[in-house]
Amino acid sequence: MESNGEIESSLSRSNGGEDRRVGLIFDERMCKHYAPAPAEEHHPECPDRILAIWSLLNSSGLAKRCIILKAKDVEDNHLALVHTKKHISLIKSISSVNSESKRSRLAARFNSIYFSEGSTEAASLAAGSVIEAAEKVAKGELDSAFAIVRPPGHHAEEGEPMGFCLYNNVAIATSYLLNERRDLGINKILIVDWDVHHGNGTQKMFYKDPRVLFFSVHRYDSGTFYPSGHDGSYIMTGEDSGAGHNINVPWEHGRCGDADYLAVWDNILIPVAKEFYPDMIIVSAGFDAAIGDPLGGCCITPHGYSIMLDKLMEFAGGKIVMALEGGYNLNSIATSARACVDVLLHGKAPNVVSEAYPFASTWRVIQEVRRELSTYWPVLGGELPEKTINKTTQIAVLSSDSEGETEDIVLAVPEEVLTIDDVILPLSNLKIDLDSQVDQEAKMKPSWRSELSKVDVWYATYGSNMKMARFRCYIEGGQIEGMRRPCVGSMDKSKPKGIIWKTFPHRLFFARERTATWGPGGVAFLHPNSNAQEKAHLCLYKITLEQFNDVLFQENSLNLETSHPLFDSAALQTIQTEKSISVELVQGGWYHNLVYLGNEGGTPVLTMTCSLSDVDDFMSGKFPINPPCKEYANTLITGLVEGEQLSEEEASAYIQEASSKPL
C-alpha cells in the first residue's frame, strides 16, 4: 500500500514522547587504521574521532536509548557494485604487506592516503556497517540509524582511494539497496553530503543514475579547495537519464554557518526533495564544517546540524541513515553527532530562534544553482524575492569572485546554542579574529608582487585568450559572451605593453570533458614538444611576470591571495635552460606545465599547457580528447580573425583540424 506524504511525515516523528527506533554501529576494530609514525600523533583522520563520538553518546545517556548493532565485514560482491577488482584487491592486500615502509610507499601513490596493518579490516567494517544500518532501516526494523565508522568514504572513486577514504561506504550501501535488495522497496535514494569537502567519488558513481539524487554542499573556493578541480561546480548536474540528479552547492569561501546552510536547505534541497520523493535518505555526515574544525573553516553549530537533519525527517517516513565522513575537531564532531542522534530519537530538533543571516555570496550561489537546475526542477524556476536575498551578514569576508569585494554579515547565535557545550568556540570571539585577519590581509601586498612587476615576459596564448577581450578578463576581471562565470582578474590591471602574433612548430589539440567557464566540450592544449610538421598560431602579450603569475593562478583555479608566486625570477632563468617547468604547486591543474618558446627582442616567450605525461593520458583514453563547444570555438576563431592571422573560413578549418586530427 502506498503512503501519502502526510502519513509518511507523521510516521517520521515520535508519538507521545517515545523514542524512535534508532540504531548505532560502533566497533573499536576500526581504530586499528591509523597513520604511521611520526604522522600518527598529528594526523587529523585519527582513531580518536570515533572514540570521542562514542564516549559522548554513552556519557550523555543517548546510546542506551538506541539499539546497538554489530559491525559487519563487507562482502566482495557488494564492494564490486561500485569499485574495480583492482581497487578491492589493493585494499584487501594492505594487511599482508609486512613492513610499515612498504605500506607507506604504497600509500604515497595516492592522494592523501595512509595505510596501516589494520586498514584492511577497518575499511571492510566501515563499508559493511553502513550496509548493515541501511538494510535494517530499509526492512523497517529501525526507523533510522547512525554508522559511526572510519575510514570515511565519499572521496574514494571507482578505482582509487583518496582523501582519507578507502572504500566509498555510502555508495556501496546505496548501490546494494537499489540493485541487490529491490525486494525491500527502496527505489529512490537521496544522498545528502554535508561534509565540507565535495563528495567527488559518490558523485561519479551515480552521475547517470536517476534513482539517486546526490546533493553536496561544500567549500569550493573557485575549484581550489580539496579535492580541487571542477567536479564540485554547480554546472555538474548529471548526465543521460541522471541529468538534473546531481546537485552541487559550492561555497565561494569559508566561514559559512547555520544561516547559510539553512538557506540552501530551504531554497534548493527541500523543494527538490519534495519533487524527487525519496524512499530513503543516506547522509554523508561529515562534521568538518563545524565550528573549530582545523580543515573546514566553516561555522556550523551543533544546533545547526540538528535543524538540517530535522528538515530531512519530513521525507521517506524519517528513514534516514547517517554515515560518518570527515570532522577533525574532537569536541565539534562529538557534540554535533550527539545533536543529530538526539534528533533521530525525538524526530525533531530543539526550538531555538536565530537572528543570523547568510552571506551575500550564499544568495549568489543559491541563485546560480537554481538557474542551472530549473530546467530539470521547475520548482526552482524564478528569482528569489529581493527582501529575502537582501538579508545578509556584516563580517568583512574576502570574496573569491571579484577582487576587493567584501560582504557584510552578522553572525548571531542565541545564548541557548552556546550553552549546549562549553567546548564550542563562541562565535563572538570568532568574529573578532576574522575581522582582524581580514583587516591585515587587506593591508598586505606580498613583496614578490613588487619584485615581479618589474620583469616583463611574453605570454603566448593559443586558446580563447587569442581574443583580446577574453584575455582582458584575466587582467581586468569580468567575462565575455559565452563564458559561464567571470574571471577575478589580476592584481595589476595594466594593459599589455605589446601584442604580436607568431607561429610555432607545436600541435594544437582539444581535450577534457567540460569546464566551469565554458561548460561541456574540450579546451585547447599545446603539445609541449615541438614538431616541424605542425604549425600553431599564438598571440603574444607582453605583460609583467606578476601578471603572468595571476593568469597562471586563474588558469589553474587558484586564489590570487598568496604570499608566494608560482613562478619567480629564478624559475624564469631556469626555464630558459631546461625549456619547460612543471609548477609544483599546481600540478593538479590542467595548465601546470610552463614551456619556453624562445625570446622576442630579448624578452622570454612563455606558454602554459599540459605535461607530456598528460598527453600520454589523453592518448590512452584516461582523459578524454574532446572537440570544443560552439561558444569556445567561436572565441578562438574570432581571435584569429581579429588578429588578422586567418580569414573566418581558414580559422574555422584550423580549429576543425585541431579538433579531429589524432594525437
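The rules behind the values
- Residues numbered from 1 in each chain as written.
- Predicted model: local features only at pLDDT ≥ 70, side-chain atom pairs only at ≥ 80, totals over all residues.
- Heavy atoms only, no water.
- Helix = DSSP H or I, 4+ residues; strand = E, 2+ residues; numbered from the N terminus.
- Contact = heavy atoms within 4.5 Å.
- Areas by Shrake-Rupley, 256 points an atom, 1.4 Å probe, with all protein chains shown as cover.
- Phe/Tyr/Trp six-rings, centres within 6.5 Å; stacked < 30°, edge-to-face > 60°.
- Lys NZ or Arg CZ within 6 Å of the ring centre and 35° of its normal.
- Salt bridge = Lys/Arg side-chain N within 4 Å of Asp/Glu carboxyl O.
- Buried < 20%, exposed > 50% of the residue type's maximum accessible area, 1.4 Å probe, protein only.
- Axes fitted to C-alpha atoms, helices over the stretch in contact; angles between N-to-C directions.
- Parallel < 35°, antiparallel > 145°, perpendicular 65-115°, else oblique.
- Left-handed = near helix turned anticlockwise from the far one by under 90°.
- Nonpolar A, V, L, I, M, F, W, Y, C, P; charged D, E, K, R; others polar.
- Pairing = 2+ DSSP bridges.
- Lys, Arg positive; Asp, Glu negative; His and termini not counted.
- Polar contact = N/O pair within 3.5 Å; in protein donor to acceptor, adjacent residues only side chain to side chain.
- Arc of directions from axis to C-beta.
- Core = buried A, V, L, I, M, F, W, Y, C linked by side-chain atoms within 4.5 Å.
- pLDDT = per-residue confidence, 0-100.

Peer 1: How do you make sense of the overall build of the chain when you look at a structure like this?
Peer 2: Tallying secondary structure elements over the chain gives 22 helices and 18 strands in all. Sequence-distant contacts, at least 24 apart, represent 75% of the contacts inside the chain between residues at least 6 apart. Carbon together with sulfur atoms contributes 48% to the accessible area of the chain, which is approximately 26,800 Å² in total.

Peer 1: Is there a simple way to think about the packing of aromatic side chains in this case?
Peer 2: Any two aromatic rings considered together are summarised by their centre-to-centre distance and by the angle between their planes. Under the defined criterion, the tally for this structure stands at 19 aromatic pairs. Considering the side-chain rings of F26 and W54, the 4.9 Å spacing of their centres and the 10° angle between planes classify their relative orientation as stacked. Of this pair, F26 sits in the loop between β1 (22-25) and α2 (48-59) while W54 is found in helix α2, placing the two residues 28 residues apart along the sequence. Counting every residue linked through ring pairs, the aromatic cluster contains Y459, F471, Y541, F548 and F567. We note K188 situated over the ring of F276; from NZ or CZ to the ring centre the distance is 5.1 Å. Between the NZ or CZ atom of R512 and the centre of the ring of F623, over which it lies, the distance is 4.1 Å.

Peer 1: Mind showing me how you'd approach the pattern of salt bridges here?
Peer 2: Side chains that differ in sign of charge can pair as their charged atoms come close. According to the stated counting rule, one finds 30 salt bridges in the structure shown. Of the charged contacts, one joins E135 and R181 as a salt bridge, the two residues approaching to 2.5 Å between their closest N and O atoms. Linking E135 in helix α6 (residues 119-139) with R181 in the loop between α7 (169-180) and β4 (189-193), this pair joins segments that are 46 residues apart in sequence. Note on accessibility: E135 and R181 belong to one class, buried. Via salt bridges that share partners, D27, R29, K32 and E121 belong to a single interconnected network.

Peer 1: Can you help me understand the packing of helix α9 (residues 258-276) against helix α12 (residues 360-373) in this one?
Peer 2: In a pair of packed helices, the angle between the axes and the distance between the axes together describe the arrangement. Where α9 contacts α12, the axes come no closer than 10 Å and their chain directions differ by 25°. Put simply, α9 runs roughly parallel to α12. Every pair of crossing elements has a handedness; the one defined by α9 and α12 is right-handed. Of α12, the residues touching α9 (which contributes D260, A263, V264, N267 and I268) are T362, W363, I366, V369 and R370. The residue makeup of the contact of α9 with α12, split by class, is six nonpolar, two polar and two charged.

Peer 1: Hey, could you run me through the pairing of strand β18 (residues 603-609) in this one?
Peer 2: When a strand is regular, its side chains alternate between the sheet's two faces. Most of β18 sits out of view: seven of its seven residues are buried. Bridge count for strand β9 (residues 456-461) against β18 is two bridges, and the pairing is parallel. Bridging across to β18, W458 finds its partner in V605. As judged from the seven bridges shared by strand β17 (residues 593-600) and β18, these two strands associate in the antiparallel manner. If you follow V595 over to β18, its bridge partner there is T607. Hairpin connection from β17 to β18: two residues lie between these consecutive antiparallel strands, with G601 at a positive phi of about 65°.

Peer 1: Whenever I open this one, the sheet that holds β18 confuses me. Can you help?
Peer 2: Hydrogen bonds between backbone atoms are what pair the strands of a sheet, whose relative direction is either parallel or antiparallel. Strands sit in the order β10-β15-β9-β18-β17-β16 across an open sheet of six strands; the sheet is mixed. The sheet is open, and its two borders are formed by β10 (498-504) and β16 (580-582), each paired with just one other strand. Between one strand and the next, the sheet's axes are offset by a mean angle of 30°, whatever the strand orientation. Here β10 pairs with strand β15 (residues 536-544) via seven bridges, running antiparallel. Paired with F504 across the two strands is A536, which belongs to β15.

Peer 1: Is there a simple way to explain the side chain of D260 in this structure?
Peer 2: Tracing the backbone shows D260 in helix α9. An unpaired buried charge is present at D260: no salt bridge exists, and R364, the closest side chain of opposite charge, is 11 Å distant. Within the local environment of D260, its side chain forms a polar contact with the backbone nitrogen of G257, the two atoms lying 2.8 Å apart. At 2.8 Å, the side chain of D260 and the backbone nitrogen of F359 are in polar contact. In this structure D260 touches W251, P358, F359 and T362, once residues within four positions along its chain are discounted.

Peer 1: Whenever I open this one, the sheet that holds β1 confuses me. Can you help?
Peer 2: An order of β2-β1-β3-β8-β7-β4-β5-β6 is seen for the eight strands of this open sheet, with the pairing classed as parallel. Every other strand in the sheet has two partners, leaving β2 (67-69) and β6 (246-251) as the edge strands with one partner each. Averaged over neighbouring strand pairs, the angle between their axes works out to 15° when direction is ignored. Summarising the sheet, strand β7 (residues 280-285) and strand β8 (residues 320-324) pair through five bridges and their orientation is parallel. For A285, the partnering residue across the bridge sits in β8 and is L324. Sheet strands in contact with helix α11 (residues 330-346) are β1, β3 (144-147) and β8, and its direction is about 165° off that of β3.

Peer 1: Hey, could you run me through helix α4 (residues 85-93) in this one?
Peer 2: Working note: α-helix, 3.6 residues per turn, so residues spaced by three or four point in the same direction. Within the span of α4, buried status applies to H87, I88, L90 and I91. One side of α4 holds all its buried residues, which, seen down the axis, span an arc of 160°. Facing away from the buried surface of α4 by more than 90 degrees, the exposed residues are K85 and K86. As for α4, its buried residues are in contact with α3 (76-79), α5 (100-107) and α6.

Peer 1: Any chance you could explain the nonpolar core here in plain terms?
Peer 2: Across soluble globular proteins, nonpolar side chains have a tendency to be buried as a group. In terms of nonpolar packing, the biggest core is built from 130 residues, with F146, W194, F215, W265, F287 and M322 touching the most fellow members. For F287, the contacting residues outside a window of four places in its chain are F146, W194, D293, Y305, M322, L324, G326, G327, I333, S336, A337 and C340.

Peer 1: What should I look at first to understand the confidence of the model for the chain in this one?
Peer 2: Parts of the model with low pLDDT should not have their predicted coordinates read in detail. Counting all residues, the mean pLDDT for the chain is 87, and 87% of those residues have values of 70 or more. Low confidence marks residues 1-15, where pLDDT is under 50. Its contacts with residues over four positions away, or in another chain, come to 24 contacts. Segment residues 394-444: pLDDT under 50, and 92 contacts once partners within four positions in sequence are set aside and those in other chains are kept.

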